[in-house]
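# Chain and residue survey
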Amino acid sequence: MGGLFTRDEICSVTGASQLDLQPAGISSISIDSRSLGDDALFVAIKGERFNGHDFVRQAIDNGAAAALVSADKAGNFKGLPVFVVPDPLSGLGDLARFARARTQGRIVGVTGSVGKTTTKEALQKALSTFGSTHSSIKSYNNHWGVPLMLAGLPPDANFGIFEMGMNHAGEITPLSQMVRPEIAVITAIAPAHIGYLGSLEAIAGAKAEIFAGMEPGGLAVINADHGQLDILLDAAERMGLETLTYGFAEAANVVISDYASSESGSRAKVGFVDPITVSLPVQGRHMISNAVAAILVAELLGFDPQKAADALCDFSASAGRGRVETLGDPSNPLVLIDESYNANPASMRAALETFSARRTASGRKILVLGDMRELGEQSGELHLGLINAIEAAGADQVFLVGPEFGAVSPSLAGKVTIAAKADAVSGVEEAVLDSLAAGDAVMLKASLGTGLGTLVASIRRRFNRDA
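Residues numbered from 1 in each chain as written. Predicted model: local features only at pLDDT ≥ 70, side-chain atom pairs only at ≥ 80, totals over all residues. Heavy atoms only, no water.

### Some remarks on helix α6 (residues 172-179)
Heads up, the condition is: Buried, partly exposed and exposed residues are distinguished by accessible area as a fraction of the type maximum, computed with a 1.4 Å probe on protein chains only: under 20%, between the cut-offs, and over 50%, respectively. What counts as a helix is a DSSP run of H or I of at least four residues, what counts as a strand is a run of E of at least two, and both are numbered from the N terminus. Arc definition: it is the arc formed by the directions from the helix axis to the C-beta atoms. Contacts are residue-level and defined by heavy atoms, with any inter-residue pair within 4.5 Å sufficient.
Buried within α6 are the following residues: Ile172, Leu175, Ser176, Met178 and Val179. The buried side chains of α6 occupy one side of the element, clustering within an arc of 160° when seen end-on. Contacts from the buried residues of α6 go to α3 (88-102), β8 (106-111), α5 (145-151), β10 (159-163) and α8 (200-207). Remark: arginine 180 follows α6 within two positions and exhibits a positive phi of approximately 50°.

Written out as structure tokens, the structure is:
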């Protein structure tokens, strides 16, 4: 029998009726008919591009134990094991709230303009040292991702970590009210989605919505290295929350100092009552900051911060978010820095600063920069504002993808060598591949919609094949 929900619990919690024989219980929940866990419940939600009801039969054929379907579609699934509800997404939310209500685990919520996924993953790694830990996968942080992750919270988990994101004001409040974190982490405020929200102050207000659902006596852990700290502190105070700030700012409650980096990684001191040292196998002040947030949460939960820091000694960024790979001949590899999943002015500056310190066997460094999306009327100005950072990165060649960086290219001319530019990644792909050689380092950074992930895959194929 599945260990997540029994058949009776699913019916009771969601008000579902049943068609045909149902499993005694389920052990996992999925919205993807192609990747299903053991005894899976497939939830047929309707997305922007796909309707899950079109894939119910495929999910069952692929091993799903049952599906959660809409009443107006139920007639299409006679003979299949389905639970019928008015709306599958609402039913998923019901299961999520039930999972939260029954858990005895400690619940942490994470949001912010930059670093929230990396911080969530650092939390997962650090807290796993102290008990069984469940956390959001990938960037499942929206109106369907959060309930999907929360519904999958095992009853016996010691910790649950949930990432919450937004594009517009008002989107985090219902997510926080569902997750009900006892500790909330806000990583930083930056001009991500400023095209929708209009100002950094509005972005800070939207991120502060994570406080709306917090448990009484909750703790807000807030990065201090940005100009909107007072907005977040005021919002936390209005909700009656205790606050603790961290960062490189001297005014932070927990100060990061003595940062140093090398080709093998980075390290810093952290000003707990008994100071500790954090060492990571990756470069970047922002990576140290993300790690410190995780260590601070562990300390607030009653665990040894140095032990949490030691758990992160082999922590590295995930694919698309700064992962460093060596491709080809191990004795003279191509170094690939994959930042293709997300970009905004703050994360772009951080990545360029880190790249500026990188040294290569050949001495050559290549940059592929793609447009940052959702910046609205300020987009041109914000892209232009990166010129000095791009120059300081010290790249031998720069490739530009997208109309925004295309418009910036005349201002970059003479400061860097622009090897090629195009509105789409296909327009520079062959030029990039032809330019790369063993011993080089190449960093690709853009918003996901720019499509640099396809070029990352092409680079991997070429250099692993050459090996």
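Next comes the rest of the description.
### Quick word on the sheet that holds strand β13 (residues 242-247)
Here is the rule we go by: Here, strands pair whenever DSSP counts at least two bridges between them. Note on method: axes are straight lines fitted to C-alpha atoms, helices fitted across the in-contact stretch only, with angles between N-to-C directions ranging 0 to 180 degrees.
The strand order across the open sheet formed by nine strands is β9-β10-β8-β11-β12-β13-β14-β15-β16, and the pairing between neighbours is mixed. Because the sheet does not close on itself, it has two edges, and the strands there are β9 (133-135) and β16 (276-280). Taking the axes of each pair of neighbouring strands and ignoring which way they run, one obtains an average angle of 20° across the sheet. In this sheet, β10 lies alongside β8 in parallel orientation, the contact comprising five bridges. Residue pairing in the sheet places glycine 109 in a bridge with phenylalanine 162 of β10. Packed onto the sheet, helix α4 (residues 116-127) meets β8, β9, β10 and β11 (183-186) and runs at close to 175° relative to β10.

### Some thoughts on the layout of surface pockets
Applied cut-off: In this analysis the probe radius is 1.4 Å and the grid spacing 1 Å, with only protein atoms considered; a cavity is a set of points the probe fits into but cannot get out of, a pocket is an open set with protein on both sides within 12 Å along at least five of seven lines, and lining residues have an atom within 4 Å of a point. Grid points are joined across faces, edges and corners, and a volume is the space filled by probe spheres set on the points. In the scheme used here, Gly and all other residues not listed as nonpolar or charged are polar, with Ala, Val, Leu, Ile, Met, Phe, Trp, Tyr, Cys and Pro taken as nonpolar and Asp, Glu, Lys and Arg as charged.
For the second largest pocket, the calculated volume is near 300 Å³. In this structure, the second largest pocket is lined by 17 residues; those nearest its centre are Ala319, Gly320, Ser340, Tyr341 and Leu448. Looking at the lining of the second largest pocket, the elements that each hand over two or more residues are α4 and α17 (452-466). Here the lining of the second largest pocket gets four residues from one element, more than from any other, and that element is α17. Class assignment for the residues of the lining of the second largest pocket results in four nonpolar, eight polar and five charged.

### Description of α8
Note: α-helices contain 3.6 residues per turn, so residues at a spacing of three or four share the same orientation. Three or more residues of α8 are buried, namely Ile203, Ala204, Ala206 and Lys207. Taken down its axis, α8 places every buried residue within 160° of arc, on the same side. Tucked into the core, α8 has its buried residues touching β8, α4, α6, β11, α7 (194-197) and α9 (229-238).

### Thoughts on the pattern of salt bridges
Should the charged atoms of two oppositely charged side chains come close, the side chains can pair. We count it as follows: A pair is scored as a salt bridge if a Lys or Arg side-chain nitrogen falls within 4 Å of a carboxyl oxygen belonging to Asp or Glu.
According to the stated counting rule, one finds 14 salt bridges in the structure shown. Salt-bridge contacts for lysine 125 lead to aspartate 314; the nearest nitrogen and oxygen are separated by 3.2 Å. Here aspartate 314 lies in the loop between α11 (305-311) and β17 (323-327) and lysine 125 lies in helix α4, a separation of 189 residues in the sequence. Using a relative accessible area of 28% as the deciding quantity, one classes lysine 125 as partly exposed. Judged by relative accessible area, aspartate 314 falls into the partly exposed class, the value being 48%.

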